[in-house]
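# Architecture at a glance
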Amino acid sequence: AARAPPRPNADGGVTLDEVPARIVAVKAFAGVVTDGEVRRQRDALEAAIETDGGTAPVEAGAFSVLQYNAPYAIPWRRRNELAIVVSEVV
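Residues numbered from 1 in each chain as written. Predicted model: local features only at pLDDT ≥ 70, side-chain atom pairs only at ≥ 80, totals over all residues. Heavy atoms only, no water.

### Quick word on the overall build of the protein chain
Rule in force here: Numbering of helices and strands runs from the N terminus; a helix is a DSSP stretch of H or I covering at least four residues, while a strand is a stretch of E covering at least two. We compute the radius of gyration over the C-alpha atoms and compare it with the globule rule, which gives 2.2 Å times the number of residues raised to the power 0.38. Remark: exposure states derive from per-residue accessible area (1.4 Å probe, protein chains only) relative to the maximum for the residue type, with buried under 20%, exposed over 50%, and partly exposed in between. For the area figures, the Shrake-Rupley method with a 1.4 Å probe applies, and any residue is considered shielded solely by the protein chains shown. Charged-residue counts in this description rest on Lys and Arg as positive and Asp and Glu as negative, His and the chain ends being excluded. In plain terms, the charge of a residue is placed at NZ if it is Lys, CZ if Arg, CG if Asp and CD if Glu.
When its secondary structure is counted, the protein chain shows one helix and four strands. Written out in order from the N terminus, the α and β elements of the protein chain read β-α-β-β-β. At 16 Å, the protein chain has a C-alpha radius of gyration far larger than the 12 Å of a compact globule built from 90 residues. Seen through its principal axes, the protein chain has C-alpha atoms that stretch 45 × 35 × 20 Å. Expressed as a percentage of its 90 residues, the buried residues of the protein chain come to 19%. Element-wise, carbon and sulfur atoms account for 52% of the exposed surface of the protein chain, whose accessible area totals about 7200 Å². Across the protein chain, the mean location of the 10 positive side-chain charges is 9 Å away from that of the 12 negative side-chain charges.

### Re the pairing of strand 4 (residues 80-88)
Using the following cut-off: The pairing criterion for strands is at least two bridges between them, as found by DSSP.
Strand direction decides the pairing type here: strand 1 (residues 23-29) and strand 4, joined by seven bridges, are antiparallel. Paired with I23 across the two strands is V86, which belongs to strand 4. Judged from the three bridges that link them, strand 2 (residues 55-57) and strand 4 form a sheet pairing that is antiparallel. Within strand 4, the position partnered with A56 by the bridge is S87. With four bridges joining them, strand 3 (residues 64-67) and strand 4 adopt antiparallel strand pairing. Bridging from a neighbouring strand, L66 pairs with E81 of strand 4.

### As for helix 1 (residues 35-52)
For clarity, the cut-off: Given the number of residues in a helix, its expected span is that number minus one, multiplied by 1.5 Å. Should any heavy atoms of two residues lie within 4.5 Å, those residues are counted as being in contact.
Over its 18 residues, helix 1 extends 26 Å from the first C-alpha to the last, a length consistent with the 26 Å expected when each residue adds 1.5 Å. Those residues of helix 1 not exposed but buried are G36, E37, V38, Q41, L45 and I49. Buried residues along helix 1 sit against strand 1, strand 2, strand 3 and strand 4. Phi turns positive one or two residues past the end of helix 1, at G53, with a value near 75°.

Printed below as a string of structure tokens:
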């Protein structure tokens, strides 16, 4: 069981939203996040999902980009992920 996240400061403009459980296909990549790089990573992840055949995107074209480093982190040390919510194919 996951622990509860820390509560954000009341004046920080941060909110926590609870979402239902879901399956997410994720592709990690390093470097600077640009529109072109997001497009390349999304295309690669969509191709991998299609090739695998066990899952399919829940909503065509929907994805999230997750960036974990400070803006001043050197590009080759940055960790990013592109995520697509999927469901099992039956």
